[in-house]
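Summary of structural features
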Amino acid sequence: MNNYFTSTIFRKILAALSGLFLTFFLLGHLAGNLQLFISGVEGQTQFNKYALFMTTNPVVKLLSILTYASILLHVVLTLYLAFKSRQARPIGYAVSSGNSNSSWSSNNMAILGTFLLLFIIVHMRSFWYEMHFGEMPYQYLDDGTKIKDLYLITTSAFNNPLYTLFYILSMIALALHLKHGVGSAVQTIGLKLPNYEKPLKYIAESVALIIPATFASIPIYLYIKNL
Amino acid sequence: MTDLQLTLNIWRQRSSSESGKFESYEVDNLNTHMSFLEMLDVLNENLVEENKEPVAFDHDCREGICGMCSMVINGRPHGPMKGTTTCQLHMRHFKNGDTITIEPWRAKAFPVVKDLVVDRSSFDRIIQSGGYVSVNTGSAPDGNAIPIPKSIAEEAFDAAACIGCGACVASCKNASASLFVSAKISQLSLLPQGQPEKNERVKKMVAQMDEEGFGHCTNTGACQAECPKEISVDYIRKMNVDYNLSNIKG
Ligand code: HEM
Ligand code: SF4
Ligand code: FES
């Protein structure tokens, strides 16, 4: 059992499970973000109430801790494994096989992941940090109460073309990361059964495309709306 | 039988303790019917005549079954053809005037012995750790005494097609031996004769694989694409499942 926890296979399982958990997290996160498509005061109120719920509800708190832990585990494990596999080939090849035997995304997971980490840091600084520790503007509701106006922060962030572009590029990186990642994780945990290989591939690749594309559509919409 | 003239960029390294470098050679009077190794034989004859050290490379059967002929040809283990070992690769797949770069397998667990020859005894140690079935000696048992479903027999046989060449390691960006190890596990563990030692086998062989310093599998699929016997990565999936289950069971 001792060997088990330090084995490459066990570490890969954890990387796969944390990656899959994060993929499910993204689905939830995306559902919340879709509310930004509702315009006017109605959309603003709904989004801000949702943001308040997400920062106060105990169940969400628990899930968010799981998410932070998954990110940490995923990053530490995958970068450690990438470092170890560097060591497994001290002298590289003069001529590279390029992508003649494997996909581009599968060969660049660490670079894509590092870009995603940068995105996560910038993204959390912009919204999570502001919501928790920043000096937030308030929306005054009809019933006289006031509520932190994350809607305003979000919509105005995407007035900035560079910030919007960075977001879109990050979603492209996410798409490429997931294009290899989802299928790979399914294989690692042993569920890529030969009989279901085709449908699994379609599902994995659809997930990899639809999640980032839908995420990216929101800032594009907000940017165009604000023009 | 077209004449062929080539420029070869070959990794030369006198011994494992010295560092190596690429040397360039011109060879002509080749023809397209030659195998890649025969082409190297011509080069070596030329070198011997010039009183130079011939290029050391591994080979034995020259018919695609022993797995010795390890070399990376223009970035591809065993060259550009699918399901083909270097010895079975023919020069008709190259063009007159081509420059071909030839390198040894690159992996920490496969140290270079000389030029293109690498030491693959790490594979032997993995087999020694658990790649066997224990049988009692005595009179030969009836070959058909244990019924085995055809599909299982086929699957085990496909795994047994692995010739232990190491191209999977050479092609993998992580220098992972997962394809080799999983094939060597499956060829025994799928069959009834392999059941008694199934759990111990996968634990020991994976432990030895890690111990030897091979990288982890990131499912790029390069191994399956480059394997001369086209071993399927599904054996890696099976190995993962068996490894996890055998450890959970204790
Ligand atoms: C939203 C964020 C992310 C999601 C949903 C995600 C998802 C995944 C998934 C599903 C895998 C496949 C695991 C496997 O092959 O078994 C994976 C692999 C990987 N991830 Fe991520 N990831 C994310 C962020 C990151 C970050 C921030 C980094 C690094 C800084 C990273 C680095 C890697 C690397 C290097 C691999 C390849 C690991 C391997 O195959 O051994 N990922 N990711
Ligand atoms: S799995 Fe294929 S590439 Fe790897 S050692 Fe066996 S025959 Fe060679
Ligand atoms: S020399 Fe035996 S497989 Fe090529």
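Structure report, in brief. Because the structure is predicted, anything quoted here is derived from the model rather than measured.

**Here we look at the site of ligand 1**
In the neighbourhood of ligand 1, 23 residues make up the surrounding shell, with Lys12(A), His74(A), His177(A), Ser184(A) and Thr188(A) lying closest. Take His177(A): an N or O atom from its side chain is 2.8 Å from a nitrogen atom of ligand 1. A distance of 3.1 Å separates an oxygen atom of ligand 1 from a polar side-chain atom of His216(B).

**Here we look at the packing of aromatic side chains**
All chains considered together, the criterion is met by 23 aromatic pairs over all chains. Seen in terms of ring centroids, Tyr4(A) and Tyr243(B) are 5.5 Å apart; in terms of plane orientation they differ by 55 degrees. Their pairing is tilted. In this pair, Tyr4(A) is assigned in helix α1 (residues 2-6) and Tyr243(B) in helix α8 (residues 234-249), connecting two distinct chains. Residue Tyr4(A) is classed as buried on the basis of its relative accessible area of 6%. Each ring, one from Phe123(B) and one from Phe214(B), has its centre 5.9 Å from the other, and the planes form 40 degrees; the classification is tilted.

**Some words on the layout of surface pockets**
Approximately 660 Å³ is the volume found for the second largest pocket. Along the walls of the second largest pocket sit 24 residues, with Lys192(A), Glu197(A), Lys201(A), Asn219(B) and Val233(B) positioned nearest its centre. Counting only elements with at least two residues in the lining of the second largest pocket, the list comes to α5 (104-107), α8 (161-188) and α9 (197-226) of chain A together with α7 (222-226) of chain B. Residue contributions to the lining of the second largest pocket peak at six residues, all from α8(A). Here the lining of the second largest pocket is built from residues that sort into six nonpolar, 12 polar and six charged.

**Observations regarding the coordination of the iron atom of ligand 1**
Residues and elements named next belong to chain A. The protein atoms donating to the iron atom of ligand 1 are His-74 (NE2) and His-177 (NE2), with metal-donor distances spanning 2.0 Å. Coordination at the iron atom of ligand 1 is octahedral: its six donor atoms span angles of 87 to 179 degrees at the metal. With His-74 in helix α4 (residues 58-87) and His-177 in helix α8, this pair connects stretches of sequence that are 103 residues apart. Assigned by exposure class, His-74 and His-177 land together as buried.

**Some points on helix α5 (residues 178-189) of chain B**
Given 3.6 residues per helical turn, the α-helix brings residues three or four places apart onto the same face. Residues and elements named next belong to chain B. Relative to the 16 Å expected for 12 residues at 1.5 Å per residue, α5 spans 16 Å between its end C-alpha atoms, a close match to the ideal helical length. Within α5, 12 of the 12 residues are buried, leaving the element largely enclosed by the surrounding structure. Contacts made by the buried residues of α5 are with α2 (121-130), α3 (150-160), α4 (167-171), α6 (198-211), α7 and α8.

Scoring rules and cut-offs
Residues numbered from 1 in each chain as written. Chains lettered and ligands numbered in written order. Predicted model: local features only at pLDDT ≥ 70, side-chain atom pairs only at ≥ 80, totals over all residues. Heavy atoms only, no water. Near = heavy atom within 4 Å. Polar contact = N/O pair within 3.5 Å; in protein donor to acceptor, adjacent residues only side chain to side chain. Phe/Tyr/Trp six-rings, centres within 6.5 Å; stacked < 30°, edge-to-face > 60°. Helix = DSSP H or I, 4+ residues; strand = E, 2+ residues; numbered from the N terminus. Buried < 20%, exposed > 50% of the residue type's maximum accessible area, 1.4 Å probe, protein only. 1 Å grid on protein atoms, 1.4 Å probe; cavity = no way out; pocket = protein on both sides within 12 Å on 5 of 7 lines; lining within 4 Å. Points joined across faces, edges and corners; volume = space filled by probe spheres on them. Nonpolar A, V, L, I, M, F, W, Y, C, P; charged D, E, K, R; others polar. Donors = N, O, S within 2.8 Å, 3.2 Å for Na, K, Ca; no water. Tetrahedral: all angles 85-135°; square planar, octahedral: opposite > 155°, others 65-115°. Expected span 1.5 Å × (residues − 1). Contact = heavy atoms within 4.5 Å.

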